[in-house]
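Structural overview for review
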Amino acid sequence: MSAPRGRLFRLCQKELRETLRDRRTIITLIMMPLLVYPILSMTLNRFLLNASLGNDPRFIIGFDNDEEGQWLKDILTSPGSQPPAAIRKAVDENLAEFSYVGPSNGKTLDQILEEKLIDVIVRVKLDPPQSVRIISQGDEPNGLNAKRILSERLTYFNQSLVAEALSTSKVPALPQIDIQVEQIGGVQKTTLLASIIPLVLVLMTITGAVYPAIDLTAGERERGTMEALMASPVPRGSVLFAKYIAVVTVALLTAIANFGSMFVTLWTGGLLELLVGKDQPFPWLQFLQIFGLLVLFSGFFSAVLLALTSFARSFKEAQAYLIPLMLVSLTPGILSLMPGVQLTGALAVVPLLNIILLSREILSGAATALPTIVAIFSTICYAAAALLLAARLFGSDAVLRGSEVSFAAALKRPEEPAPVPSLSAAATTLAMLFPTYYLVSNALAMISEWSIGVRLIINAVALILVFGGLPLFATWYSRNQPRTTYRVSWPRGTALFAGLLLGLGLWTWAHELFVFGEWLGFQSLDTSKIEQINELMIEFRKIPPWLIIATLAVTPGIVEELFFRGYLFSALRNHLSASKTILISALLFGIFHVLTGKSLLLERFLPTTMLGLVLGWIAWRTASVWPGIVLHVTHNGFLELVACYRDELEKWGIGVAEQTHLPWLWIAGGSLLITSGFAIIHWGSRIGCEFINRRQ
């Protein structure tokens, strides 16, 4: 039984008040930002000053032939190309050095430059009038620096030629080399500050959450108050939630303090201009978005910290657990500083790294929709799994037993079977399934050169392995009973017939929701993607209909229903009300269908979520997954066949223009089928035969 809201609120107040009274927490909140950012500002100022004045690296220049390379080498080593004495003195004679390479291994210079094996390409026209073309990558800092330095050195050489000509009165023709600069690829937008700021903010937020998490769990046990706390009439889940709120609040307060201190430091130190550009307004919107990411990250990392510290028996043991975690957290942080690392592919689902990279792209104005949503949703999944794992550890008897129980023992396979999965097991499965599904769908999107039939079969097999294999392994590992976990009890025959009627009618409502979503702005298909879909439909007509039905209707209809309205539904229904279970499973069902491959199909969210709500309601009323499978298979199969035989239907006069509303007779007919299906299930199905095991 959960604690009343008033008692839970007072419990959160008590935990937060005790945490904020600790002087070590105040030091983390106030003193650390006041000390760290001025030091960081001075370090960055010194670094940027040194970078601008000297200590230039050794640059690699590519040439088409040795003659051109020797010509430029002679110029760069001549006295006329050297910077003025004042500049050489300012940089302590630390001038840039150059090495010269030509085409190799059958690759052109342009290919070598794209692979970032050289910094710039220099192409020289030796015949008068002489000219030099300097080509660099637009997103490579070394190449941009090399281009700048070469341009300056050639300009100095031109000035020396002009001075020599004027001194000998050999005018009017003044000898000069024409200098041209070019770049390929995008323009470099990510500055040094844009890379460092997200990393520093995330690490400081982690620092703010570490001490409260240890003190509120391992500290309680070390002080001898954990036993009394567990013996109190307040549910353990409520106690942990109050501690979680306290840790998240301190982490957010730390993030706010760091935000304020960083802004003042950048402004007073003159570094703000380097971040946003000269004469540019302060990026309030971008910083608010980054703060929102910090809120999300605080929730995730606080849950991870509580999961570790809840098991520790002392403050020292908790620190021993967290030191490796902090070291592991530094690895993706340092990786985010490397040039060329972007929020794409697998990096969008890597914890911590995805938030840092997303923050960097937001500051640089380069964030895109698909990796942004993937990074946010994956972090939410990880946070839910970590918090539920913390609840399992915090509420277990292992917390109170002593040294004979290890951390691994709390996570070992249970000895007794359970009718349905726990929330922590379901959240962990979801946290594993989402990144796996995202990576697999991205990999499958890269096999476009294969035939459409082979791709359909591979997609179906991958769907079975991901949505079927991972939950099945979780079911075995947790010793859950398959019958009650997947809700495979056989329903009444009328429920199956109702599922068939709903499958034949719901597509009309789904189409109208699709059009309504486009009117609201839920549209991501551009002209090129629509053309690709049309080409795909042409290929579909070349394969047997049974293969289309088997791979795009039967396989997803069975596998997805067994997971969303079976495994996930039974875990949620065991702890939540029917309405919340239906809503959460439907939203997750819609989100998974939006994130498909390398595309973000926003148009699918409203109709798919609506379908998920109907499927969830049927699963609740019938206490079985089979009517939903019939509905899902019928719905998908009908739509796929209509899409494949669209031309034939239009010849018979059964076609409608794309992206328009259906004829009212079609909507009326579909609504009649839907109403009939709802009525049959409502009056012909019994509620109460599903397993419900609520914790008291």
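Residues numbered from 1 in each chain as written. Predicted model: local features only at pLDDT ≥ 70, side-chain atom pairs only at ≥ 80, totals over all residues. Heavy atoms only, no water.

The interhelical angle for the contact between helix H21 (residues 493–520) and helix H26 (residues 626–644), taken along N-to-C directions, is 40°, at an axis separation of 7 Å. For the element pair H21 / H26, the angle class is oblique. As for how H21 packs across H26, the hand of that crossing is right-handed. Within the contact between the two elements, H21 uses Ala 495, Leu 496, Gly 499, Leu 500, Leu 502, Gly 503, Leu 504, Leu 506, Trp 507 and Ala 510 and H26 uses Trp 626, Pro 627, Val 630, Leu 631, Thr 634, His 635, Phe 638 and Leu 639. A per-class count over the contact of H21 with H26 returns 14 nonpolar, 4 polar and no charged. (Axes fitted to C-alpha atoms, helices over the stretch in contact; angles between N-to-C directions. Helix = DSSP H or I, 4+ residues; strand = E, 2+ residues; numbered from the N terminus. Parallel < 35°, antiparallel > 145°, perpendicular 65-115°, else oblique. Left-handed = near helix turned anticlockwise from the far one by under 90°. Contact = heavy atoms within 4.5 Å. Nonpolar A, V, L, I, M, F, W, Y, C, P; charged D, E, K, R; others polar.)

So, on to the confidence of the model for the protein. A residue-level look at the protein finds 73% of positions with pLDDT of 70 or above and a mean pLDDT of 76. Long-range and interchain partners of residues 47–56, a stretch whose pLDDT sits below 50, account for 13 contacts in this model, where long-range means more than four residues apart. Note that residues 688–696 has pLDDT below 50 and, in this model, 21 contacts with residues that lie over four places away or in other chains. (pLDDT = per-residue confidence, 0-100.)

Let's shift gears to the pattern of salt bridges. By the definition in use, this model includes 5 salt bridges. Across the pair Glu 182 and Arg 133 runs a salt bridge whose closest N-O atoms are separated by 3.0 Å. Here Glu 182 is found in strand S5 (residues 178–184), whereas its partner Arg 133 is found in strand S4 (residues 131–137), with 49 residues between them in sequence. For Glu 152, the salt bridge identified is with Arg 148, shortest N-O distance 3.5 Å. Note that Glu 152 and Arg 148 are positioned in helix H6 (residues 141–167) at a spacing of 4 residues, about one turn of the helix. Overall, Glu 152 belongs to the partly exposed group, its relative accessible area being 33%. In this structure Arg 148 comes out as partly exposed when scored by relative accessible area, which is 36%. (Salt bridge = Lys/Arg side-chain N within 4 Å of Asp/Glu carboxyl O. Buried < 20%, exposed > 50% of the residue type's maximum accessible area, 1.4 Å probe, protein only.)

In this section: unusual backbone geometry. Excluding glycine, residues mostly carry a negative phi; peptide bonds, for their part, are mostly trans. Phi at Leu 352 is positive, roughly 70°, even though this residue is not glycine. By the secondary structure assignment, Leu 352 is in the loop between helix H13 (315–335) and helix H14 (353–364). Judged by relative accessible area, Leu 352 falls into the buried class, the value being 6%. Positive phi outside glycine occurs at Arg 479, with the angle close to 55°. Secondary-structure assignment places Arg 479 in the loop between helix H19 (452–477) and helix H20 (482–485). Accessibility expressed as a relative area gives 31% for Arg 479, which makes it partly exposed.

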